[in-house]
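Structural characterization, general
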Amino acid sequence: MSKRPPPDPVAVLRGHRASVSDVSSDGELRIWDAVQHRTISSSWVHSAAHGVVCVAASPLIGDNKLVSQGRDGTVKYWDIKDGGLSRSPSLTIKTNSYHFCKLSLMKKPCASAREAEGPKHYHDMDFKGTVDAEMMSDSSGKAQENLIECSDVAHAEGPKYVAIAGEQSSEVEIWDLNTAERIAQLPQKCIGGSSNYCTKSRGMCMAVQAFLPSESQGFLNVLSGYEDGTMVWWDIRNPGVPITSVKFHLEPILSICIDGSCSGGISGAADNKVLIFSLDNPMGSCIVKKEICLERPGISGTSVRLDSKIAATAGWDHRIRIFNYRKGSALAILKYHRAMCNAVSFSPDCKLIASSSEDSTVALWELYPPHCRT
């Protein structure tokens, strides 16, 4: 196994005046041209005093749509027109939730992740990177007929759900972006205000991920991570009692990301562990596939590429770490940011990685590109 020196970002997006999580902490949302690396538009979507917790987009909520979440207790649904945001949101949800937990849009299984369960293949590019060269040549070298396409086509038909930490900080709420109505609380309160399952003892909800497992017959599931390190798996059909709860972390869970097949995922926390896990829907169990111990604690963000081959974490130590998602082996450590990394994400076509930091920059990286059909 050979190593190469750390890669540089292919571009750095500068212009924010404050730290960047998914967007700026001063309430500014910028839309960037990822090819020319310039700002297309800039809007103040939430008050500067409160800032923005999260911004998210998905084909499931519509083309040229995005959702922003502010620490002002609101979630806003925006249209993107002519490269910029609409003058006002098409819908505003007053959640009265003033926490630091980022919202989650619903994720559905994608065909590319299912096909990716077959043989693996990566282009062996000549770039500067701290890279596991064995991973780059993981295929047998033969041409494969069932190679994946990374950008699945999804349609914004039916309900558009968003999961957030609730007004009560230990609860999760599900809201409908079509109607701005809250449709569920997890756990759901019984008559008299009590619940069959209590999450208060677990502390605040710190991370959520909404998804639709293929076995759920179209009913929403949610993973929620808590202050005591517990992760709880919910099925909206039985909101009073979770499918299961597990405690893999010793400190607050800060990020959960489901993979493209919605059959597992990755979690990061304030401790020094990164967990790759699988979800067994028929058995109702969550099983650790790989526990990765880091030298330094603190993972603010996690992400799994759409084809479920590569995963990434954003660390308090200013580092972006890249892993083989199936094996859990380390592939690269990306060193550019000068302050804590807040978030990391893969582009829908699987070609780019974006990382954001307290240093007010967004870095774009290009490594391990997928092998797509020609």
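Scroll up to find the structure.
Residues numbered from 1 in each chain as written. Predicted model: local features only at pLDDT ≥ 70, side-chain atom pairs only at ≥ 80, totals over all residues. Heavy atoms only, no water.

Observations concerning the nonpolar core
To keep things clear, this is the line we draw: Side-chain atoms within 4.5 Å link the members of a nonpolar core, which is a set of buried Ala, Val, Leu, Ile, Met, Phe, Trp, Tyr and Cys residues. Burial classes follow relative accessibility: with a 1.4 Å probe on protein chains only, a residue under 20% of its type's maximum area counts as buried, one over 50% as exposed, and anything between as partly exposed. Here a helix means four or more residues in a row that DSSP labels H or I, a strand means two or more in a row labelled E, and each is numbered from the N terminus.
Core analysis: the largest hydrophobic core is formed by 19 residues, its most contacted members being Val172, Ile174, Cys205, Leu220, Val222 and Trp234. Sorting the residues of this core by element identifies β10 (161-165), β11 (172-176), β12 (181-186), β13 (205-211), β14 (221-226) and β15 (230-235) as the ones contributing at least two each. Looking at this core element by element, the count peaks at three residues for β13. Within the second largest apolar cluster, 16 residues are counted, among which are Ile310, Ala314, Ile322 and Ala363.

Some remarks on the sheet that holds β13
How we decide: DSSP calls a pair of strands paired once it identifies at least 2 bridges connecting them. Axes here mean lines fitted to C-alpha atoms, for a helix over just the part in contact, with angles spanning 0 to 180 degrees between N-to-C directions.
Overall, antiparallel pairing links the four strands, which are arranged β13-β14-β15-β16 in an open sheet. Across the chains shown, the open sheet's two edge strands, defined by having one partner strand only, are β13 and β16 (244-247). In this sheet, neighbouring strand axes are inclined to one another by 15° on average, regardless of whether the strands run parallel or antiparallel. Relative to β15, β14 runs antiparallel, the two sharing five bridges. Bridge pairing in β15 places Asn221 opposite Asp235.

Points about the packing of aromatic side chains
Selection rule: Aromatic rings from Phe, Tyr and Trp, taking only the six-membered ring of Trp, are treated as a pair when their centres fall within 6.5 Å; an angle between ring planes under 30 degrees marks them as stacked, one over 60 as edge-to-face, and anything in between as tilted. Charge over a ring is defined by NZ of Lys or CZ of Arg lying within 6 Å of the ring centre and within 35 degrees of the ring normal.
According to the stated counting rule, one finds zero aromatic pairs in the structure shown. Over the aromatic face of Tyr77 sits the side chain of Lys65, whose NZ or CZ is 5.6 Å from the ring centroid.

Focus: the sheet that holds strand β20 (residues 285-293)
Spatially, β17-β18-β19-β20 is the arrangement adopted by the four strands of the open sheet, whose pairing is antiparallel. Edge positions in the sheet fall to β17 (253-258) and β20, since each of these pairs with one other strand and no more. When strand polarity is set aside, the average angle formed by the axes of neighbouring strands in this sheet is 20°.

A short note on the pattern of salt bridges
Cut-off, in case you're wondering: Any Lys or Arg side-chain nitrogen found within 4 Å of a carboxyl oxygen on Asp or Glu counts as a salt bridge.
Using the criterion set out here, one finds eight salt bridges in the structure. Across the salt bridge formed by Asp235 and Arg237, the nearest N and O atoms sit 2.7 Å from each other. When salt bridges with common partners are traced through the structure, they connect Arg296, Asp317 and Arg321 into a single cluster.

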